[in-house]
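Here's the letter readout for the chains.
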Amino acid sequence: MRYAAPKTIKEAAGLLAKTKGQALVLAGGTDLLVRLKGGMIEPDLLVDVKRIPSMQSVTRTAAGFRIGAAVPCVAMGENAALKKAWPGVVEAANLIGSDQIQGRCTVVGNLCNASPAADSVPALVAAGAKAAVVGPKGRRTIAVEDVVTGPGKTSLKKGEVIEAITLPKPPPKSGDAYLRFIPRTEMDIAVVSAGVCLTLGPKGVIKKARVALGAVGPTVLLVPDAADAIVGSKLDDAALANLAAACEAACKPIDDKRGTIEFRTEVAGVLARRAAAIAYQRAGGA
Ligand SMILES: Cc1cc2nc3c(=O)[nH]c(=O)nc-3n(C[C@H](O)[C@H](O)[C@H](O)COP(=O)(O)OP(=O)(O)OC[C@H]3O[C@@H](n4cnc5c(N)ncnc54)[C@H](O)[C@@H]3O)c2cc1C
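Please read these numbers as outputs of a predicted model, since none were measured by experiment. (Residues numbered from 1 in each chain as written. Predicted model: local features only at pLDDT ≥ 70, side-chain atom pairs only at ≥ 80, totals over all residues. Heavy atoms only, no water.)

**Q** Would you take a moment to explain the packing of aromatic side chains for this structure?
**A** The way to describe two aromatic rings as a pair is by their centre distance and the angle between their planes. Summed over the entire model, instances satisfying the criterion amount to one aromatic pair. Here Phe 181 and Phe 263 contribute two aromatic rings whose centre-to-centre distance is 5.2 Å and whose plane-to-plane angle is 70°, an arrangement assigned as edge-to-face. Here Phe 181 is found in strand 11 (residues 174-181), whereas its partner Phe 263 is found in helix 11 (residues 261-282), with 82 residues between them in sequence. For Phe 181, a relative accessible area of 29% gives the class partly exposed. Looking at Phe 263, the relative accessible area reads 33%, which means it is partly exposed. (Phe/Tyr/Trp six-rings, centres within 6.5 Å; stacked < 30°, edge-to-face > 60°. Helix = DSSP H or I, 4+ residues; strand = E, 2+ residues; numbered from the N terminus. Buried < 20%, exposed > 50% of the residue type's maximum accessible area, 1.4 Å probe, protein only.)

Dropping the structure here:
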């Protein structure tokens, strides 16, 4: 197995594209090294992207925020402007693992590991985040919800690397939130999770919303029916009940020792309601 630590994204994409056999990006390594040491993968080449300057920082842009793909999640929580604009995204990123994991893990690694239970992904999807991809054929931008195609699978083509995640500038009176259910207080994988982002119009009426659910399908689910259930409302009890019902209807969870289908389905509705209430309050609603 070879290891490379290029200084540019073009070089990284070139190395990944021309290697015969398995060539993988190494970011924080908190998923990759576990799989490597467990004998689950035997890559021919690891391309460490942590030395690429364009991937190392969180920047505020005219359009919003750009989070370099090698930025450890802890640094997201230390960025006051990002935390203020996107508290739900930052909370989700900061829920991953322990302090030690936080110092290494990235939201792009969380996304590209392609677990349906990845904590940062529902929050990113709800926020309308996009992935800036660089590959042998140039650059493209894709919605975060289009990156993962199934457990362990992404839509990235050979040689493609995500350079950054971009978040829009939240419109005035917007708020987001992320909640997960785990059977203990931390260091566990979400049994169910929900991310909600919403924007208020006059008099506290919701004019735009996005709702995403984790661990209740093969990929994180964007649920437009759940968003429709609360748009036009002041998040009253009826709207919350409709939101929960739409979330339950969208769930296609597996049954395993961590949660039954019935449990995951019901909790998805409960978490979406609670996350919506937090997002509403953050947006300046009552
Ligand atoms: C003790 C422990 C606790 C954990 N707790 C949680 C938790 O609470 N919640 C949670 O969601 N996860 C958890 N995880 C899983 C893991 O920490 C996260 O998924 C983390 O965000 C992965 O990021 P990374 O940078 O370490 O990714 P890596 O391990 O470096 O990479 C993961 C995958 O993404 C690919 N990849 C990475 N960067 C790029 C890129 N720029 N372009 C294309 N592909 C890329 C890699 O090739 C690999 O396939 C935990 C792991 C451990 C070991």
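**Q** Hey, could you run me through the pairing of strand 13 (residues 206-214) in this one?
**A** In this sheet, strand 13 lies alongside strand 12 (residues 192-200) in antiparallel orientation, the contact comprising eight bridges. Its bridge partner lying in strand 13, Ser 193 is registered against Gly 214. The turn joining strand 12 and strand 13, which pair antiparallel and follow one another in sequence, is formed by five residues; a positive phi near 60° is taken by Lys 203. Bridge count between strand 13 and strand 14 (residues 221-222): two bridges; the pairing is antiparallel. When the sheet's bridge partners are listed, Ala 212 is paired in strand 14 with Leu 222. Linking two consecutive strands that pair antiparallel, namely strand 13 and strand 14, is a turn of six residues; a positive phi of about 65° is found at Ala 215 within it. (Pairing = 2+ DSSP bridges.)

**Q** Help me understand the sheet that holds strand 14, please; the structure alone is not making it clear to me.
**A** Backbone hydrogen bonds hold the strands of a sheet together, and the pairing may be parallel or antiparallel. With antiparallel pairing, four strands are arranged side by side in an open sheet as 11-12-13-14. Strands with a single pairing partner mark the edges of an open sheet, and in this sheet they are strand 11 and strand 14.

**Q** What is the right way to read the packing of helix 5 (residues 87-95) against helix 8 (residues 120-127) from this model?
**A** Packed helices, taken two at a time, are described by their axes: the angle between them and the distance between them. The geometry of helix 5 relative to helix 8 is characterised by a closest axis approach of 8 Å and an angle of 165° between their N-to-C directions. Judged on the interaxial angle alone, helix 8 and helix 5 are roughly antiparallel. As helix 5 runs across helix 8, the sense of the crossing is left-handed. Contacts between helix 5 and helix 8 involve Gly 88, Val 89, Ala 92 and Ala 93 from the former and Ser 120, Ala 123, Leu 124 and Ala 127 from the latter. Of the residues assigned to the contact of helix 5 with helix 8, the class counts are six nonpolar, two polar and no charged. (Axes fitted to C-alpha atoms, helices over the stretch in contact; angles between N-to-C directions. Parallel < 35°, antiparallel > 145°, perpendicular 65-115°, else oblique. Left-handed = near helix turned anticlockwise from the far one by under 90°. Contact = heavy atoms within 4.5 Å. Nonpolar A, V, L, I, M, F, W, Y, C, P; charged D, E, K, R; others polar.)

**Q** What should I look at first to understand the nonpolar core in this one?
**A** Nonpolar side chains in soluble globular proteins tend to be buried together. Within the largest apolar cluster, 59 residues are counted, with the highest numbers of intra-cluster contacts made by Leu 82, Ile 165 and Leu 167. Here this core takes six residues from helix 8, the largest share from any one element. Residues within four places of Ile 165 in sequence aside, it is in contact with Phe 65, Arg 66, Ile 67, Val 107, Val 108, Leu 111, Leu 124, Ala 129, Lys 130, Ala 131 and Val 144. Counting 35 residues, the second largest nonpolar core, distinct from the first, contains Ala 177, Val 192, Ala 246 and Leu 271. (Core = buried A, V, L, I, M, F, W, Y, C linked by side-chain atoms within 4.5 Å.)

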